Amino acid sequence: MTREEKSQVIQDLTAVLADTNTLYLADISGLNAQTTSNLRRACFKAGIQLSVVKNTLLAKAMEASDKEFGDLPLVLKGNTSMMISEAANAPAKLIKEFRKKTKNKPVLKGAFAEESVYIGDDQLDALVDIKSREELIGEIIGLLQSPAKNVISALQSGGQTISGILKTLSEK
């Protein structure tokens, strides 16, 4: 690879890093061709972009990026695959599900999700528990609707008379 080609790859990786808020680094070495194909297919179905990267070029792209990746460049040793997704917990869920069929592969090296850095495979459960924006909005709406539903059901059970409504509101 020429110096110009390397420079172009670093620029491309820097642009990819600038456009994403979720980056997982995993080791998929040791998977046979069929299992690797199954992993790529599962990633595609889940909306996760999976690509193998050269460690030195990714490290230089991280340096050139405006984002703070903390100690994440330190995990760039051996084989590294990059997983990019819109949902912060999607790659973690996919890795956890995929491991049920394989022998603890892929191995999570580290992740950058929701502007936080996670280092090591032991962080997989914490990453699975990250809630997406849609999940958080759904929970907030549910919490906001709960008191209103209680009042409405109490009003309906108290009867439609004004005295029943006043009694129910005074109890609340």
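Since the model is a prediction, treat every value here as computed from it, not as a measurement.

> An account of the pairing of strand E4 (residues 107-113) is needed here, citing residue identities and associated values.
Counting buried positions along E4 gives six out of seven residues, so the element sits mostly inside the fold. Summarising the sheet, strand E1 (residues 22-27) and E4 pair through six bridges and their orientation is antiparallel. Counterpart to Asp 27 in the pairing with E4 is Val 107. Two strands pair when backbone bridges link them, and E4 and strand E5 (residues 116-119) are joined in this way by four bridges, in the antiparallel orientation. Residue pairing in the sheet places Ala 113 in a bridge with Ser 116 of E5. Following E4, the chain reverses through two residues before pairing antiparallel with E5; Glu 114 in that reversal takes a positive phi of roughly 50 degrees.

> Describe the packing of helix H1 (residues 3-19) against helix H3 (residues 55-64), naming the residues involved and giving the relevant values.
Two numbers describe how H1 lies on H3: the axes approach to 8 Å, and their chain directions differ by 55 degrees. Viewed along their axes, H1 and H3 adopt a mutual orientation that is oblique. Our pair here, H1 against H3, has a crossing hand that is right-handed. Residues Lys 6, Val 9, Ile 10, Leu 13, Thr 14 and Leu 17 of H1 form the contact with H3, whose own contacting residues are Leu 57, Leu 58, Lys 60, Ala 61, Met 62 and Ala 64.

> Report on the pattern of salt bridges, specifying residues and quantitative values.
Two side chains that carry opposite charge are able to pair once their charged atoms sit near each other. All told, the structure shown has four salt bridges when counted by the stated rule. Of the charged contacts, one joins Glu 97 and Lys 100 as a salt bridge, the two residues approaching to 3.3 Å between their closest N and O atoms. Residue Arg 99 pairs with Asp 121 through a salt bridge whose shortest N-O separation is 2.3 Å. Linking Arg 99 in helix H4 (residues 90-99) with Asp 121 in the loop between E5 and helix H5 (124-128), this pair joins segments that are 22 residues apart in sequence. Taking relative accessible area as the criterion, Arg 99 reaches 16% and is therefore assigned buried.

About the cut-offs
Each chain carries its own residue numbering, running from 1 in the written order of its sequence. Reporting in this predicted model follows two pLDDT cut-offs: at least 70 for local features of residues, and 80 or more for side-chain atom pairs to be given and counted; totals over whole chains, interfaces and linings ignore these cut-offs and use all residues. To get the side-chain values, all heavy atoms of the structure are used, and hydrogens and water are removed first. Summary of the burial criterion: residues with accessible area below 20% of their type's maximum are buried, those above 50% are exposed, and those between are partly exposed, where the area comes from a 1.4 Å probe applied to protein chains only. The helix count covers DSSP runs of H or I at least four residues long, the strand count covers runs of E at least two residues long, and both are numbered beginning at the N terminus. Should DSSP find at least two bridges between two strands, the strands are taken to pair. Axes here mean lines fitted to C-alpha atoms, for a helix over just the part in contact, with angles spanning 0 to 180 degrees between N-to-C directions. Every angle not falling under 35 degrees, over 145, or within 65 to 115 is termed oblique; those three ranges are roughly parallel, roughly antiparallel and roughly perpendicular. Working rule for handedness: look at the near helix, and if it is turned counterclockwise from the far one by less than a right angle, call the crossing left-handed; if clockwise, right-handed. Any two residues having at least one pair of non-hydrogen atoms within 4.5 Å are treated as being in contact. Counted as salt bridges are all cases of a side-chain nitrogen of Lys or Arg within 4 Å of a carboxyl oxygen of Asp or Glu.

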